[in-house]
Every structure is written in C-alpha cells, then in structure tokens.
Amino acid sequence: MNAEKTHILRRAARPEPKPDPVRPCFAAVPRGAEEITAAELARLGVQDVTVAKGGVAFAADRADLYRANLWLRTASRVLVKLAQFPCSSPDELYQGVHNIAWHDLITPTMTLAVDCSLRDSALTHSGFVALKTKDAIVDRVREACGSRPNVDTAGPDVRVNVHLLKNVCTISLDSSGDPLDRRGYRLERTEAPLRETLAAAVIALTGWDGATPLADPMCGSGTIPIEAALLASRTPPGLQRSFGFQRWPDFDDGLWNKLLKEAEKGIQRLPVGLVTGYDQDSKALVLAARNAAKAGFEGQVHFFHAALEEFKPEGDAGVVILNPPYGMRLGDEDDLRELYCRIGDIMKQRCRGWTGYVLTGNLELAKYIGLKASRRFVLFNGAIECRLLKYELY
Ligand SMILES: C[S@@+](CC[C@H](N)C(=O)[O-])C[C@H]1O[C@@H](n2cnc3c(N)ncnc32)[C@H](O)[C@@H]1O
C-alpha cells in the first residue's frame, strides 16, 4: 500500500467530532426565586429563557450547560430534558423510558440513580416509578451492550430525574449531581444556616452590586457575607466543586477547563470593609471565618464578635441584611418579640442612609420591627414561606 493510500484510510477511520446539539434544559429553583434565576440565565446569554413554576426552562449547548452549572447562584440543579410522554400506567412508563437510547448516555461500567417527583397522576408511588424507570434503563443498556449498569444512590455517575405531572412524564438527566447550593465552602453546619441559594436570592433581590458596603449583623455561619463576597469578586459559586456532567461519556474536558480559566481570570480582590458579618455567638463566628477562608476570602471578609445592640455599620450608605431567628428552629417567641423590636430600633437609630432588609419566616414577629416596609418579597426556605422586607432608613 502506498503512503498516500494509508493516509486516506487513516483519515477515514478517525471518528467524526460529536455534534453539540442545543438541548432543552430546566433550572430547578427554590419557589420565589424563579425571576432572579431567569435574569441570571439571560446574563449568561442562554437562549429561550422561560419562567415556570419552580424553575426556569432554557435551551443550552454544552458550553451553556457547563456555564449554567458553574455560574448560577440561585438555582438548585440544572436538568437536561431527554423525553416527555403521556404516562398513566406502569407499561407506558416502562415503554417511554425504554425508547430513550440510554446506551449513548450510560455505559455498563457506570452507575446510576433515579430521583422521582410526582403530582396529580395515576401513578402515585414515587419509589415504584423510580424503580420501573431504573428497570427500563438497565434493560435498554443490556440489550445494546450485553451487560447493565449498577445502581448507586449515594454517588452515581448519572443521576436521572423523573417528573410526573398530570399523567405527563418528563425524563431528564441531572447535570449538576449534588445540588448547586453545595458550593463546597461550608465545612460544618450551625443550627440554622441559610441555604446558599436562598442567601444568593436575597442578595439579588436587594440589588446590591458590590459598589457600597454590605453588612450582616446576625451572620451565623456567614452564608450571606460569603455569597455577597462571591458576587462582588465575580467568583463563580461552583468554582470549588465538581458536577454530574463531568462523569458523562460526552464530557468535554478541554471546554470545561477553558471556561474555568476564563472565570478565574475575572476574579477580583474585595476592598477592605466592603463585606462584614457580626454575631453574638463566637462559635458561629469561628465557623463563618473558616467557611469564608475556604471560599477564598481570608482577609477580605471581616467578622466581628458583637451583639446587635453594639452594631453600627461603617460608612454613610450601604445594605444591611438581617436573618434573625424566627422561632421555627431557634429561639423562644417572647425573647424573639423583644429581639425584633430591637432590630427596628437599631436600624432606625444606627443605619441612617442605609437600606435595611430582614428575612424572616414569621410575619407576626416581623410586626414588632415597628417600621414600615417599602417592599415585601416572598421566598421559600424549604417548605417555610418567608418574607424579605425592605426598609428605607432615612
Ligand atoms: C437564623 S441565624 C442566622 C443564620 C445565618 N444566616 C447563616 O446562614 O448561618 C440567626 C443568628 O442570629 C444570631 N443572634 C441572635 N440574637 C442576636 C443578637 N442579639 N445579637 C447578635 N446576634 C444574634 C444568632 O447567634 C444566630 O447566629
């Protein structure tokens, strides 16, 4: 065989680069934060952003999907939709799942887990739906490859999401893996930490952009100051963790590293005094400082051991955010009434020129603040309906 012929054969044998289709995605979002996540997605430049209840639909190619996971501050996970079909019986479920070319997505040496949520449907047992889905997936892979993947509910390579609503079944891949609120900086938990995604939603609702100081006088484990620092320094919230899509067969290592490098280049150091946290609990403050250091803000976010009564923010204007205990987990109602009165007094007397925000799940207690809120936002902390109350402190 001459050299030219060998060259042609070699070229013909090289696999075609895989196309990078734009796929329908869904960012699952804590209720109340959907519009904020939609704005985040629009800023990332993704297409077809549509707000839905409990999340935001959008279209994403591979780079968009990686970017969404890396950068979204308020979403809890990003799902990639594979199929949607009517489903009122176990057979319809099995067939609908079996129709998907799972062998392109999962190899027999990989592990999988199936999450299920359902509402208003003929199939009512989420455990059964998850099991039937898993059966259809492993059967399809076995038929194509001769052996089947195993289940690993704790740390699977591929997490499949089944959502059944009014007898319509949506099958998705969970590209995030661990929920996106697990940023990787929280080393230990205090008694009542705010979820990272909720803290980010609160900061987004205040409109704070890092141009003025931000103070949290009841910072606990530091979630609000740390999320503020991530925002102001332009650090992607997902920089320190890994994601589900990194275990997928089509994972593009080169693309991912390029996105990480671009993001790292844009990170800015925070000015002294921009973000501060205070708390009367010294143990919580030790944790806050450790968490902030883990997040990369040692010497940039400052924490002070102080009771609310001693709090006085530095500077003429800024944003003060309080997340006081509200009786569900911490604190006794009588003491809390007293505390909420003091919050009102301190904001009025010591924070003139600032804008105050209080996040609470107890509207009765909020009345004791005694100031007129200029805006009220509804947010959910898990199942607890909360209010973020805004106070203009002239
Ligand atoms: C609901 S927790 C805040 C949780 C925090 N956002 C986090 O993510 O960890 C309320 C915090 O208020 C603090 N606290 C309660 N009364 C206080 C007071 N009078 N002065 C200062 N801090 C107080 C508690 O120590 C607790 O850390």
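Criteria and cut-off values
- Each chain carries its own residue numbering, running from 1 in the direction its sequence is written.
- Reporting of local features is limited, given that this is a predicted model, to residues whose pLDDT is at least 70; pairs of side-chain atoms are given and counted only at 80 or more, and all residues count toward the totals for whole chains, interfaces and linings.
- In DSSP terms, a helix is any run of H or I states spanning at least four residues, a strand is any run of E spanning at least two, and both are numbered starting from the N terminus.
- With C-beta atoms placed from the backbone, a residue is buried if 20 or more other C-beta atoms are within 10 Å of its own, exposed if 12 or fewer are, and partly exposed between those counts.
- Residue pairs are scored as contacts if the distance between their C-beta atoms, which are placed from the backbone, is within 7 Å.
- As used in this record, a residue near a molecule or strand is one whose C-beta atom, placed from the backbone, is within 6 Å of it.
- Residues are grouped as follows: Ala, Val, Leu, Ile, Met, Phe, Trp, Tyr, Cys and Pro are nonpolar; Asp, Glu, Lys and Arg are charged; all remaining types, including Gly, are polar.
- The pLDDT value expresses, per residue, how confident the predictor is, ranging between 0 and 100.
- Each nonpolar core comprises buried Ala, Val, Leu, Ile, Met, Phe, Trp, Tyr and Cys residues, the members being joined through C-beta atoms within 7 Å.
- Boundary definitions for the domains trace back to an automatic or database domain assignment.
- Lines fitted to C-alpha atoms define the axes here, with helix axes fitted over just the stretch in contact, and angles between the N-to-C directions of these axes take values from 0 to 180 degrees.
- The labels follow the angle: roughly parallel below 35 degrees, roughly antiparallel above 145, roughly perpendicular from 65 to 115, and oblique for the rest.
- Crossing handedness is read from the near helix: turned anticlockwise from the far helix by less than a right angle, it gives a left-handed crossing, and turned clockwise, a right-handed one.
- Two strands form a pair only when DSSP identifies at least two bridges running between them.

Here we take up the overall build of the protein. Regarding its fold elements, the protein presents 11 helices and 15 strands. Reported as C-alpha extents along the three principal axes, the dimensions of the protein are approximately 85 × 60 × 35 Å. By residue count, 43% of the 394 residues in the protein fall in the buried class. Within the protein, counting contacts between residues at least 6 apart in sequence, those at least 24 apart form 77% of the total.

Here the focus is the site of the ligand. Around the ligand there are 21 residues in total, and M218, G220, S221, T223 and L308 lie nearest to it. For the shell around the ligand, a count of residues per class yields 13 nonpolar, 6 polar and 2 charged.

Here we come to the confidence of the model for the protein. Atomic detail in the predicted coordinates should be set aside for any region of low pLDDT. For the protein, per-residue confidence averages 93 on the pLDDT scale, and residues scoring 70 or more make up 93% of the total. The low-confidence segment residues 1-12 (pLDDT under 50) makes 1 contact with residues lying over four places distant or belonging to another chain.

Core analysis: the biggest nonpolar cluster contains 104 residues, and A27, A68, V162, A201, V202 and A229 have the highest contact counts within it. Broken down by element, the residue count for this core peaks at 8 residues, all from helix α6 (residues 196-206). Formed jointly, this core draws a minimum of three residues from each of two domains, domain 1 (13-174) and domain 2 (196-235 + 243-264 + 271-392). Setting aside residues no more than four positions away along its own chain, A27 makes contact with T37, L41, G55, V56, F58, A68, L72, A75 and V78.

Okay, the environment of T107 next. Residue placement: T107 occurs in the loop between α4 (90-98) and β5 (111-119). Sequence-wise, T107 and S147 are 40 residues apart; in three dimensions their C-alpha atoms are separated by 8.9 Å. Residues in contact with T107, not counting those within four places in the same chain, are C145 and P249.

Following both chains from N to C, one finds α6 and helix α7 (residues 223-232) inclined at 65°, their axes separated by 9 Å at the closest point. Taken together, the axis directions place α6 and α7 in an arrangement best described as roughly perpendicular. When the axes of α6 and α7 are compared, the crossing they make is right-handed. Across the interface between the two elements, E196, A199, A200, V202 and I203 from α6 touch T223, I224, E227, A228 and L231 from α7.

Sheet architecture is open: 7 strands sit in the order β11-β10-β9-β12-β13-β15-β14, paired in mixed fashion. A single partner strand is all that each edge strand has here, and the edge strands are β11 (302-305) and β14 (375-381). Ignoring which end each strand starts from, the neighbouring axes of this sheet average 20° apart. Two strands pair when backbone bridges link them, and strand β9 (residues 214-216) and strand β10 (residues 275-279) are joined in this way by 3 bridges, in the parallel orientation. Among the inter-strand pairings, D216 is bridged to a residue of β10, identified as G277. Across the face of the sheet, helix α9 (residues 282-294) comes into contact with β10 and β11 while running at roughly 170° to β11.

We now examine the domain arrangement of the protein. Assigned domains of the protein: these are domain 1 (13-174) and domain 2 (196-235 + 243-264 + 271-392). A C-alpha centroid distance of 32 Å is found between domain 1 and domain 2. Contact with domain 1, which involves 22 residues of that partner, is made by 22 residues of domain 2. Of all the elements in the fold, those that place two or more residues in the side of domain 1 that touches domain 2 are α3 (62-71) and β7 (158-165). By residue number, the principal contributor to the side of domain 1 that touches domain 2 is α3, which donates 7 residues. A class-by-class count of the residues in the side of domain 1 that touches domain 2 yields 9 nonpolar, 5 polar and 8 charged.

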